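This is what each chain is made of:
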Amino acid sequence: MSLKPARYDASHIQVSEGLEAVRKRPGMYVGTTGERGVRHMVFDIAERALGEILDGRASRLQVALLADGGVRVADDADGVAFGEPDGVGLDRLLTMLHCGTRSGRRMVASFGGGLAVVNALSSRLVAEVWSGGVRETRVYSRGIAVIPPAEQAESSVHADAGSAVADGTAITFWPDSEIFEGAELSFDALADRFRELVFLNSGLDISITDERSPEPRSLHFPPSDGVRDMVAYLDGPAAAPVHSDVIAFAKDDPRMEGTMEVAFRWRDSSEKQLQCFANGMPTPYGGVHALGFHDGLKVALNAYAREQHLLTAADPDLGVGRIGKGLTAVVSVKLDFPRFEGCTRGELGNAEVRACVREAVIAHLGTWLAEHPREAAAILEHLIRRAPRD
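In this report, the structure presented in the accompanying data block is examined. (Residues numbered from 1 in each chain as written. Predicted model: local features only at pLDDT ≥ 70, side-chain atom pairs only at ≥ 80, totals over all residues. Heavy atoms only, no water.)

Now for the packing of aromatic side chains. A complete count under the given rule lists four aromatic pairs for this structure. Between Phe43 and Phe194, the ring centres sit 4.7 Å apart and the planes meet at 45 degrees, which makes this aromatic pair tilted. Of this pair, Phe43 sits in helix α3 (residues 35-54) while Phe194 sits in helix α6 (residues 187-200), and the two are 151 residues apart along the sequence. Residue Phe194 is classed as buried on the basis of its relative accessible area, which comes to 0%. Taking the centre distance of 5.8 Å and the plane angle of 45 degrees together, the rings of Phe199 and Tyr233 count as tilted. In this pair, Phe199 sits in helix α6 while Tyr233 sits in helix α7 (residues 227-235), placing the two residues 34 residues apart along the sequence. (Phe/Tyr/Trp six-rings, centres within 6.5 Å; stacked < 30°, edge-to-face > 60°. Helix = DSSP H or I, 4+ residues; strand = E, 2+ residues; numbered from the N terminus. Buried < 20%, exposed > 50% of the residue type's maximum accessible area, 1.4 Å probe, protein only.)

Below is the structure:
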């Protein structure tokens, strides 16, 4: 047996390019080859359409889970041509990784690789564009076009999930069973995320239909009043609110190169619900926006409690544990340059965001408490008398 070390040099390195790399290592692009990975693909497709709505070029998004295992995502924007004069048409978006750029709207539905990743991981994908009464269609298999663009005159409308639109784009894909063996999409998980996006992005209108069962079911999420509505939804009927108003505000702060939207309310409960987001993506491990929110609550509530002599000089300040009793809150920030901690992107790390959110919460909550003395008294009674000490 030779003890001579094996030689390793550049000749041993294998480089996968383009969509070949996606198919070889799908987990790098959609996270997993299970149900969650297929769900990721739905949002990679939906993100383009959601951007059309937020930019004012479309009014609604319609998603359908088809009986044969396909997923159809359609919008009513002006049809996006397969080829564009600048070279970035729908065909390039579907066949080239990282083609195109994220818009500056600060809305992200998915951190995936976009349309090309979905195309590469689909056994079949059909892209349809309606414009001026003409439909153009292209079919792909595992990222490769198998039928060239075909145009045909049609009536001035086409049907998507039960409604008619004059122009628009629809992408239908079938996840490749060689990669996603046995993965079946969860309607409820998709619906929860689309509902969340409607709360976090003003103006979105989304419908989702499940055609896989004998009795199809549908949900419609119309435009919302932002995170204020999200707090009311999270509260549900579980416990009576300590105060009727949902305290909410939105602010643009150039110091953090972004905006914040915050809403919260206390319930007659011992449970705390805090959901934080950065550019529309959940941050389950919190981060600087969550820390700034807690900092602001502590300063504003303790200042008011001492001003109203609800805490004596001998009483310690209310801490996070006591303040959090029965609290339902949503903290959403949208930044030009978000920085996340760790590879899972579950924690926001932009240091300047903490101070910005803290100051905004102190200012807004302090004003609200002063203008609503009866509800302020109810909140402080709830926190001081009934909550355990930290």
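The rest of the description comes next.
Time to look at α6. The terminal C-alpha atoms of α6 lie 20 Å apart, and with 14 residues this matches the ideal 20 Å at 1.5 Å per residue to within 8%. Most of α6 is tucked away: eleven of the 14 residues are buried. Within the sequence span of α6, burial applies to Phe187, Leu190, Ala191, Arg193, Phe194, Arg195, Glu196, Leu197, Val198, Phe199 and Leu200. (Expected span 1.5 Å × (residues − 1).)

Attention now moves to unusual backbone geometry. Outside of glycine, negative phi angles account for most residues, and trans bonds account for most peptide bonds. Look at Arg142: it is not a glycine, yet its phi comes out positive at around 50 degrees. Along the chain, Arg142 falls in the loop between β4 (134-141) and β5 (144-153). The backbone of Glu257 sits at a positive phi, close to 50 degrees, despite the residue not being glycine. Summarising the element assignment, Glu257 is placed in the loop between β11 (247-253) and β12 (258-266). The exposure class of Glu257 is partly exposed, given its relative accessible area of 40%.

So, on to the side chain of Thr328. Mapping Thr328 onto the fold places it in strand β15 (residues 327-335). Classification of Thr328 by relative accessible area gives buried; the value is 0%. Reaching out from Thr328, the side chain makes a polar contact with the side chain of Asp235 at a distance of 2.6 Å. The contact partners of Thr328, leaving out residues within four places of it in the chain, are Val231, Leu234, Asp235, Ala263, Phe264, Arg265, Arg267 and Gln273. (Polar contact = N/O pair within 3.5 Å; in protein donor to acceptor, adjacent residues only side chain to side chain. Contact = heavy atoms within 4.5 Å.)

A few words on the nonpolar core. Generally speaking, nonpolar side chains in soluble globular proteins are found buried as a group. Of all hydrophobic cores here, the largest spans 52 residues; its most connected members are Leu50, Leu61, Leu90 and Phe194. Counting residues per element, this core draws most heavily on α3, which supplies nine residues. Counting 39 residues, the second largest nonpolar core, distinct from the first, contains Trp266, Leu335, Ala360 and Leu380. (Core = buried A, V, L, I, M, F, W, Y, C linked by side-chain atoms within 4.5 Å.)

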